[in-house]
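Geometric and topological summary
These are the residues of each chain, in order.
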Amino acid sequence: MSRPPFDPTQWHPETIAVRGGSVRSQFGEHSEAMYLTSSFVFESAAQAAARFSGQEEGNVYARFTNPSVTMFEERLAQLEGAQACLATASGMAAITTTCMGLLSQGDHIVSSKSIFGATVQLFATVLTRFGITTTFVEGTDIEQWAAAVQPNTKMFYVETPSNPLTEIIDLKAMKAITEKHGITLVVDNCFCTPALQKPFEWGADVVIHSATKYLDGQGRVLGGAIVGSKTLLKEKILPILRTAGPSLSAFNAWVLLKGLETLQIRMDKQSANALFIAKWLEENPNVRKVFYPGLPSHPQYELACAQQTSGGAIVSFEVVGDTPETGRANAWKVIDQTQMLSITANLGDTRTTITHPATTTHGRLTPEARNAAGISENLIRIAVGLEKETDVCTDLAQGFKLF
Ligand SMILES: *Cc1c(COP(=O)(O)O)cnc(C)c1O
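The rules behind each value
Residues numbered from 1 in each chain as written. Predicted model: local features only at pLDDT ≥ 70, side-chain atom pairs only at ≥ 80, totals over all residues. Heavy atoms only, no water. Near = heavy atom within 4 Å. Polar contact = N/O pair within 3.5 Å; in protein donor to acceptor, adjacent residues only side chain to side chain. Areas by Shrake-Rupley, 256 points an atom, 1.4 Å probe, with all protein chains shown as cover. Helix = DSSP H or I, 4+ residues; strand = E, 2+ residues; numbered from the N terminus. Expected span 1.5 Å × (residues − 1). Contact = heavy atoms within 4.5 Å. 1 Å grid on protein atoms, 1.4 Å probe; cavity = no way out; pocket = protein on both sides within 12 Å on 5 of 7 lines; lining within 4 Å. Points joined across faces, edges and corners; volume = space filled by probe spheres on them. Nonpolar A, V, L, I, M, F, W, Y, C, P; charged D, E, K, R; others polar. Buried < 20%, exposed > 50% of the residue type's maximum accessible area, 1.4 Å probe, protein only. Domains from an automatic or database assignment. Salt bridge = Lys/Arg side-chain N within 4 Å of Asp/Glu carboxyl O. Pairing = 2+ DSSP bridges. Axes fitted to C-alpha atoms, helices over the stretch in contact; angles between N-to-C directions. Disulfide = S-S within 2.5 Å.

Let's shift gears to the site of the ligand. Around the ligand, the surrounding shell consists of Ser90, Gly91, Met92, Phe116, Glu159, Asp188, Cys190, Ser210, Thr212, Lys213 and Gly223. Note that a nitrogen atom of the ligand is positioned 2.7 Å from one of the side-chain N or O atoms of Asp188. Taking Ser210, its side chain carries an N or O atom lying 2.9 Å from an oxygen atom of the ligand. Against a free-state accessible area of 380 Å², the protein chains account for coverage of 92% of the ligand.

Before going further, it helps to spend a moment on helix α10 (residues 250-261). Owing to its 3.6 residues per turn, the α-helix brings residues three or four apart onto one side. Taking 1.5 Å per residue as the helical rise, α10 with its 12 residues ought to reach 16 Å, and the 17 Å between its terminal C-alpha atoms agrees with that figure. On its buried face, α10 sits against α1 (13-19), α3 (67-80) and α11 (263-282).

In this model, the largest pocket occupies a volume close to 1,100 Å³. If you trace the largest pocket, you find 32 residues lining it, with Glu57, Gly58, Thr65, Thr70 and Leu238 closest to the centre. Looking at the lining of the largest pocket, the elements that each hand over two or more residues are α2 (45-53), α3, β1 (84-88) and α9 (230-244). A per-element tally of the lining of the largest pocket places α3 first, with six residues. Residue composition of the lining of the largest pocket, grouped by class: 13 nonpolar, 10 polar and nine charged.

Bringing α3 into the picture now. Under the 1.5 Å per step criterion, the end-to-end length of α3 is 20 Å for 14 residues, consistent within 8% with the ideal 20 Å. Of all 14 residues in α3, 11 are buried; the element is thus mostly enclosed. Among all positions of α3, only Pro67, Ser68, Val69, Met71, Phe72, Glu73, Arg75, Leu76, Ala77, Leu79 and Glu80 are buried. Its side-chain oxygen 2.8 Å from the backbone nitrogen of Ser68, Asn66 forms the N-cap of α3. Phi for Gly81, located one or two positions after α3, is positive at around 75 degrees.

What follows deals with the domain arrangement of the protein. Taken domain by domain, the protein consists of domain 1 (8-260) and domain 2 (264-400). In this assembly, domain 1 and domain 2 are joined by zero salt bridges. At the junction of domain 1 and domain 2, the tally comes to 14 residue pairs in polar contact (both at pLDDT 80 or more). Elements represented by at least two residues in the side of domain 1 that touches domain 2 include exactly α1, α8 (193-196) and α10. No other element matches α8, which puts three residues into the side of domain 1 that touches domain 2. Residues that form the side of domain 1 that touches domain 2 fall into these classes: 15 nonpolar, 10 polar and five charged.

Summed over all chains, the structure comprises 13 salt bridges. For Arg75, the salt bridge is made with Glu261, and the minimal N-O distance between the two is 4.0 Å. Residue Arg75 is located in helix α3, and its partner Glu261 is located in helix α10; the two are separated by 186 residues in the primary sequence. The class of Arg75 is buried, set by a relative accessible area of 0%. Between Arg351 and Asp349 there is a salt bridge, with the nearest N and O atoms lying 2.9 Å from each other. What makes Asp349 buried here is its relative accessible area of 10%. The network of salt bridges with shared partners includes Glu32, Arg75, Lys258 and Glu261.

Turning next to the sheet that holds strand β12 (residues 379-383). Pairing is mixed in the open sheet, where five strands are placed in the order β8-β9-β12-β11-β10. The open sheet terminates on both sides in strands that have one partner only, identified here as β8 (287-291) and β10 (342-343). By the bridge criterion, five bridges tie strand β9 (residues 314-319) to β12 in an arrangement that is antiparallel. Considered in β12, the bridge of Ser316 is made with Arg381. Lying over the sheet, helix α13 (residues 324-337) contacts β9, β10, β11 (353-355) and β12, oriented at roughly 130 degrees with respect to β9.

If you walk through the whole model with that rule in mind, you get zero disulfides. Here Cys99 is not cross-linked by a disulfide; its sulfur's nearest cysteine counterpart is in Cys190, at 16 Å. No disulfide involves Cys305; its sulfur sits 12 Å from the nearest other cysteine sulfur, which is in Cys192.

Pairing is mixed across the open sheet formed by seven strands, whose spatial order is β1-β7-β6-β5-β4-β2-β3. The sheet terminates laterally at β1 and β3 (133-137), the two strands that pair on one side only. Ignoring which end each strand starts from, the neighbouring axes of this sheet average 20 degrees apart. Here three bridges tie strand β5 (residues 184-188) to strand β6 (residues 206-210), and the two strands are oriented parallel to one another. Along β6, the bridge assignment pairs Val187 with Val207. Where helix α4 (residues 91-102) meets the sheet, its contacts fall on β1, β4 (153-159), β5, β6 and β7 (224-228), and the angle it forms with β6 comes to roughly 150 degrees.

Relative to the helices and strands, Met174 is located in helix α7 (residues 171-181). For Met174, a relative accessible area of 0% translates into the label buried. Residues Met174 and Trp145, spaced 29 residues apart in sequence, show a C-alpha to C-alpha distance of 7.9 Å. Ignoring any residue separated from it by four or fewer positions in sequence, one finds Met174 in contact with Ile142, Trp145, Phe156, Val158, Ile169 and Leu185.

In C-alpha cells form, the structure reads like this:
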C-alpha cells in the first residue's frame, strides 16, 4: 500500500527546515545519508554518454553535483522561497563564483561600504585586476546608490543589517533602481538568514550565504550558497562551479542540513536574547550608545520591522570615554573582564562572541576611514548565542565595575 503523495509547496518554514529536500535511498535511512563519493557509476557506456552530454539528468562527479549537497541546496532554496540554490565551499567562494558568473571585464559594481572585510578586498583588489571596478557608497543613502550607476553597472551588492553598526538598507528602494537599469540585485543574507528576512520578497535577484555562520550555527564547518532563479543559476553560475571547482563537500553539506533543522528556533531565541541584552545595555550609564535594529531607538527601527521579523542576534554598543585612548581602554576592560564570552571575531554560533572592531575586523583601516565608517575605539560588538541571557549580562557587567 502506498501512502498518499504530499505537497511540499504547502509546507511552512519550520517543516521545510527539518524535511525539505530530503531524498531517501533504498535503505530507508531516517536521517539524510552522507554520500562520501567523488564520482558516480553508470549502467552502460550509453548512459555515461547521456549523463555527460546533459541529455540525462543525474550525478556524474561531485564537483558538479552530489546527493548530500543537493539535499542542502534544495532545503535552503525552499527556505528562501526561491527556485534554486547552488552550494559552495565557503561564503567567499559563493561571492567569488557569483561575480565570475555575472560579470565580465569592463563591468562595474555598486556596493555598500559596510560589507564583510574579505568582500571589500575581493571587490577592491582582486576583481580590479580583471578589469571589474566597484564604487562603494553609504548603504543607507539611496541617492548615493542611484548616483553611482554607470552605463556598465551590472551588480548592486548589499548586506543588511550591516556589520558592525546594524544599519538597515532599504531593499525595496534598491530594487526600484536596479529594475530601471537592468542591474542584478545581490543580497548577502548572512546576518538574518531566511528565518528572519526573505530578500526575494523585496526584489532580490540573488541571495548569498556564508553557511559557516548561522546556517550551521554551531561553528563547525565552512560553507556557502548562491540562491536564485533556476535559469540564472543554471546559465550563469553552474558553468563556473563546474569549471572553477569551489564545490561544497558532502560532509559539510550533511552538517549544514543538520544545522538548518534548528535554524528558525535558534534565530528566534538568539534574537530574543539579543533584544534583552540590548535593552539592558541601553539602561547602563557606562554605555553611550547601543546599535540594535530591534530597539525603537534605532534610527531605522520601522524599516527593520518591515523588512525583518526580528532584530537579529548582533548587538554593538559604545562604552563611555571622551578620548580615543579612554574609549579603547574602557572597551578592552569590558572584553578582558568577561570570563564566559568567546573573544573572537566570528559570529553565528550558539556561543556568544565579543570583539573590538576598531582593532580587529576594522583594524587595517586608517583612523580617518574608521571614523568615516562610524567605528570608534569605544565600540564593542557581540554576536549573541544561546546562553541564558542574564548570564551574558553578568559576564559583560564585570568590566564596567572598573570604570
Ligand atoms: C563570514 C562572512 C562572509 C564570508 O563567509 P566565509 O564562509 O567565511 O567565506 C561573507 N559575508 C558575511 C556577511 C560574513 O559574515
